[in-house]
Every structure is written in structure tokens, then in C-alpha cells.
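Single-letter residue listing:
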There are 2 protein chains.
Amino acid sequence: MNFPSKLIEQAVGEVSKLPGIGKKSALRIVLHLLKRSENETQSLADALVAVRTQIQYCRKCHNISDSELCSICLSPKRDASVVCVVQDSRDVLAIENTGQYTGLYHVLGGIISPLEGVSPGDLKIESLLQRLKHAPEVREIILALSPTMEGDTTSFYLQKKLRPFSLKISTIARGIPIGGDLEYADEITLGRSIVSRINYD
Amino acid sequence: MNFPSKLIEQAVGEVSKLPGIGKKSALRIVLHLLKRSENETQSLADALVAVRTQIQYCRKCHNISDSELCSICLSPKRDASVVCVVQDSRDVLAIENTGQYTGLYHVLGGIISPLEGVSPGDLKIESLLQRLKHAPEVREIILALSPTMEGDTTSFYLQKKLRPFSLKISTIARGIPIGGDLEYADEITLGRSIVSRINYD
């Protein structure tokens, strides 16, 4: 693409580095900025820089936070006997939005992936073990990792590491998504959903 | 959505104001920034502010430009006898990328739209007429506006205004897109493509 201006070219280059944005969308965004007031662009730029430079991570659960401890860890309403282990902060948000979970979290900051060079040492696993040593109130660990090979590997590794604590360890249910069509479910999911069938009590 | 941090919430709010980006994509972008270096976010922010504050518009054709006259108006290789009238700078880029046009442009900055309160006075129409008065070398005006009701209205208005100059006035061809399927073309396009059929010479 030939740009009429170096400034446009530079801005399009920067914007198209963002995930899910190609050159065409980037150009559309940059040209849109030209139609808005300078203040609006300034506050967009400020918000981006602020989020990158001022964000903190909770000392306890490693979720993103505005202070040393995140609002979930600080809340007296949360059930401190359950800790849900997730891959990243986005998963915390997703689970929070269901409104079904009232326990605490532990954000690993990734999953074990030999292909991408992520080993257990790169994740907040040691931090989880240390945390559990000083938290006798914890009774259950929920491993809420994606049902992929990497996720399952990480879950398996965590199970081994957590065994000495004699806690209840569970994982989120795998099965046919609500609203999903049996016919289109893959064999592995369908197979697992039969094996882990739920009894009508 | 409940955000774990005010900074994230603010950044997501700003990013989701951009065209084509919803709350979920905005969150993905903001969390992606946290994974990159601070420098990268800073240069993204700088590029956005620079494009907004430093961009200029060509004095002659109103295309976006880094200087008083744009590179197209300044180029001695362009055919100064043809002026292509377009809605905005994006159209200039689109036509330039075809590599089929060597003339000059005139960017209206919008199209006549009574519904959105855009009248002829808001567009660079008077500027086009003034430009033509001082450019006897111009022989042809190509009206390259979208084939919508607003585009056709604007073309019709321009035709009337341009009549006194006794120039050749043309518009881009309407018809079945290359690779398009006759069967799925709408009736109006198909009808027009028969009326304006092209002779094999």
C-alpha cells in the first residue's frame, strides 16, 4: 500500500501490530482519528501508556490490579477456602462475568508449552505452592485451564505438585457446550461427556 | 463487564471507541499491550498523537499530506489534464493502489447527505470550482463517488456546477464486479451493466 503521508504510514504500521487488526482496519482507525478532536486522540494515547506503565499485579494471586493486592483478594465476601488456578487475567474476567464463582484465584501467567519454550519455572507455580503453605484455610483447588494439550499437561503437572497438600483438586467440567449441537461435537468431547455423565439426583 | 483495574477499564473504554472494535477486542488489545515492552506502547501512542496533530491537508486537492502540497500534486509525472473527484483520502489510496490512474485528485471531504446534515457548503466544492478557474490545462473531470443515493446526488450536483467549464465529465463504470457472479448481482446493477454495455472494438 502506498501512503500519502509518512505520519499515516507510521501510525498504520503501529496500529496493525495489535492483535486482530490488519493493514486495512489500521488505516480505517487512523483516518477515523483525523475526524475526531485532538483531545480524544490524546486521551486514547494517555490511557494506553498509563495502562502499560502503571498497572500492577496482585502480590498474592498475580491478577492485574491497581494496588499491591487486587480487589478480589482484598474482598471479605470471597470464599478463601477455594482457589481457582487460571492461565491469565482474561480468564479471571471471564469467570467473574459468569457470577457463579465466589472463591479466590491464582493466575499462572501462561501454560507449560515446550514448543513455545514455556517451562514450569516461567509460571507462578512456586508462588502457588508457597501461598498454600501459608494458607491453611484453603480446602479446594480448581484447575480451570483450557482443555488443550498444553492445558492438560499443566493440569497434570500441578496435580503432582499439589498432592502433598492433601487438598481437594478439581477441574472445570468438559462436555457439550450449552446450546451446542450433539451432531457437530467432536468425538473426544462427546466421548468425555458420556464418561463424565451427570446423575439426576 | 467487571474490570479488575480502573486503568484497564479506561483503556478498554478508549480503544472500543475506535471503528470496528468492540469491548472484547479492546480488552484483548489492552491485555496484549501488557505483554509487550513499554517502548512499543509508547511509540504506538506517539504515532497516534503525531498523526492527529501534525497531519496537513494539501492546499490544492485536500488530500492528506505531510506538506502544504501533497506528493501527487507535486509530481511532474502526473497528468494534470484529468482531475478525479473523490469523497475522502481513503478513496485516493484505493485508486492509487490500482496503478491504473495517473491524473490528479480532488478530495471533497464527504458527500451531500441531508440526513446527516451535510450540505454542499460543507464540502470542498467551491474550492474545486476555484481550482478549475485557474487551471486551464484540465480537460476532464472523473466523478468517482460511491454509487449510493448520496453519491449520485453529489455527482448530479457537481455536474450542474461543472457545466459552465465545458469540460469532459465522466464517472467510474458501474457494473458486475470482476469475479462476481451474474446470478447473485442485484437487479439494478445488472440492469445498468446491460444499458452501459461495452463494445468489443
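Residues numbered from 1 in each chain as written. Chains lettered and ligands numbered in written order. Predicted model: local features only at pLDDT ≥ 70, side-chain atom pairs only at ≥ 80, totals over all residues. Heavy atoms only, no water.

**As for the overall build of chain A**
What chain A contains, in helices and strands, is 8 helices and 6 strands. Along chain A, helices (α) and strands (β) appear in the sequence α-α-α-β-β-α-β-α-β-α-β-α-β-α when read from the amino end. Since a compact globule built from 201 residues should have a radius of gyration of about 17 Å, the 22 Å found for chain A marks it as more spread out than a globular shape. Overall size of chain A, expressed as C-alpha extent along the three principal axes, is 65 × 45 × 35 Å. Scored against the burial criterion, the 201 residues of chain A give a buried share of 40%. Expressed as a percentage of contacts within chain A between residues at least 6 apart in sequence, the contacts between residues at least 24 apart total 47%. In the structure as shown, chain A presents an accessible area of about 11800 Å², 53% of it carried by carbon and sulfur atoms. (Helix = DSSP H or I, 4+ residues; strand = E, 2+ residues; numbered from the N terminus. Rg over C-alpha atoms; globule rule 2.2 N^0.38 Å. Buried < 20%, exposed > 50% of the residue type's maximum accessible area, 1.4 Å probe, protein only. Contact = heavy atoms within 4.5 Å. Areas by Shrake-Rupley, 256 points an atom, 1.4 Å probe, with all protein chains shown as cover.)

**So, the domain arrangement of chain A**
Segmenting chain A into domains produces domain 1 (6-54) and domain 2 (78-171). Relative to domain 2 of chain A, the C-alpha centre of domain 1 of chain A lies at a distance of 35 Å. (Domains from an automatic or database assignment.)

**What about the UniProt feature "domain: Toprim" (unreviewed entry) in chain A?**
Mapped onto this structure's residue numbering, the UniProt feature "domain: Toprim" (unreviewed entry) falls at residues 81-177 of chain A. With 34% helix and 20% strand, residues 81-177 of chain A has its two end C-alpha atoms placed 28 Å apart. (UniProt positions renumbered as here; feature names shortened; annotations may be inferred.)

**Side note on the sheet that holds strand β3 (residues 79-86) of chain B**
Residues and elements named next belong to chain B. With respect to topology, 4 strands assemble into an open sheet ordered β4-β3-β5-β6, the strand pairing being parallel. This sheet does not close on itself; its edge strands, each paired only once, are β4 (103-107) and β6 (168-171). If you compare each strand with its neighbour and ignore which way they point, the axes differ by 25° on average. Here 4 bridges tie strand β5 (residues 140-143) to β6, and the two strands are oriented parallel to one another. Bridging from a neighbouring strand, Glu140 pairs with Lys168 of β6. The sheet contacts of helix α5 (residues 89-98) involve β3 and β4, and relative to β4 the element is tilted by about 160°. Its contacts with the sheet place helix α7 (residues 149-162) against β3, β5 and β6, and it is angled at close to 165° to β5. (Pairing = 2+ DSSP bridges. Axes fitted to C-alpha atoms, helices over the stretch in contact; angles between N-to-C directions.)

**Quick notes on the packing of helix α1 (residues 6-15) of chain A against helix α3 (residues 38-54) of chain B**
Interaxial distance between α1 of chain A and α3 of chain B falls to 9 Å at its minimum, and their mutual angle equals 145°. Crossing angle aside, the handedness with which α1 of chain A passes α3 of chain B is left-handed. Facing α1 of chain A, whose interface residues are Leu7, Ile8, Gln10, Ala11, Glu14 and Val15 of chain A, α3 of chain B presents Glu40, Ser43, Leu44, Ala47, Leu48, Ala50, Val51 and Gln54 of chain B. Classifying every residue of the contact of α1 of chain A with α3 of chain B by side-chain character gives 9 nonpolar, 3 polar and 2 charged. (Left-handed = near helix turned anticlockwise from the far one by under 90°. Nonpolar A, V, L, I, M, F, W, Y, C, P; charged D, E, K, R; others polar.)

**Describing the pattern of salt bridges**
This structure, assessed with the given rule, holds 14 salt bridges over all chains. Between Glu9 of chain A and Lys6 of chain A there is a salt bridge, with the nearest N and O atoms lying 3.7 Å from each other. A residue pair is termed a helical-turn pair when its members lie 3 or 4 positions apart in one helix, as Glu9 of chain A and Lys6 of chain A do in helix α1 at 3 residues. Note on Glu9 of chain A: relative accessible area 36%, which makes it partly exposed. In this structure, Glu96 of chain B engages Arg78 of chain B in a salt bridge whose closest nitrogen and oxygen atoms are separated by 2.8 Å. Placement of Glu96 of chain B in helix α5 and of Arg78 of chain B in the loop between α4 (71-74) and β3 is noted, with a sequence separation of 18 residues between them. Among the residues examined, Arg78 of chain B registers a relative accessible area of 17% and is labelled buried. Linked by salt bridges that have partners in common, Asp152, Arg174 and Arg192 of chain A make up one network. (Salt bridge = Lys/Arg side-chain N within 4 Å of Asp/Glu carboxyl O.)

**Things to note about the relation of the copies chain A and chain B**
Under the fitted operation, chain A is carried onto chain B by 0.0 Å of movement along the axis and a turn of 180°, and the coordinates agree to an RMSD of 0.1 Å. Viewed as a symmetry operation, the transformation between the two copies matches a two-fold axis. Among all C-alpha atoms of chain A, that of Ala45 of chain A lies closest to the rotation axis, at 2.2 Å. In this assembly the copies share their binding face: 100% of the residues contributing to the interface of chain A also contribute to that of chain B. (Least-squares fit on C-alpha atoms with pLDDT ≥ 70 in both.)

**What to know about empty space enclosed by the protein**
Empty space left among the atoms is revealed by rolling a probe the size of a water molecule over them. For the coordinates displayed, the defined rule picks out 2 cavities of 30 Å³ or more. Taken as a whole, the largest cavity spans an internal volume of roughly 70 Å³. Val15, Leu18, Leu44 and Leu48 of chain A together with Val15, Leu18, Ile21, Ile29, Leu44 and Leu48 of chain B together form the lining of the largest cavity. Within the residue set of the lining of the largest cavity, elements represented by two or more residues are α3 (38-54) of chain A together with α3 of chain B. Considering only residue class, the lining of the largest cavity consists of 10 nonpolar, no polar and no charged. Here the second largest cavity is characterised by a volume of approximately 30 Å³. Of the residues that constitute the lining of the second largest cavity, the class distribution is 4 nonpolar, no polar and 3 charged. (1 Å grid on protein atoms, 1.4 Å probe; cavity = no way out; pocket = protein on both sides within 12 Å on 5 of 7 lines; lining within 4 Å. Points joined across faces, edges and corners; volume = space filled by probe spheres on them.)

**Some details on the environment of Glu183 of chain B**
Residue and element names in this part refer to chain B. Of note, Glu183 is situated in the loop between β6 and α8 (187-195). On the basis of relative accessible area, Glu183 is assigned to the exposed category, the value being 62%. It is 35 Å that separates the C-alpha atoms of Glu183 and Leu108, two residues lying 75 residues apart in sequence.

**Here we look at the pairing of strand β3 (residues 79-86) of chain A**
Residues and elements named next belong to chain A. Where β3 meets strand β4 (residues 103-107), 5 bridges bridge the pair, whose relative direction is parallel. For Val83, the partnering residue across the bridge sits in β4 and is Leu104. What joins β3 to β4 is helix α5 (residues 89-98), and the crossover it makes is right-handed. In this structure, β3 lies alongside strand β5 (residues 140-143), joined through 4 bridges in parallel fashion. Within β5, the position partnered with Val82 by the bridge is Glu140. (Right-handed = clockwise from strand over helix to strand, strands pointing away.)

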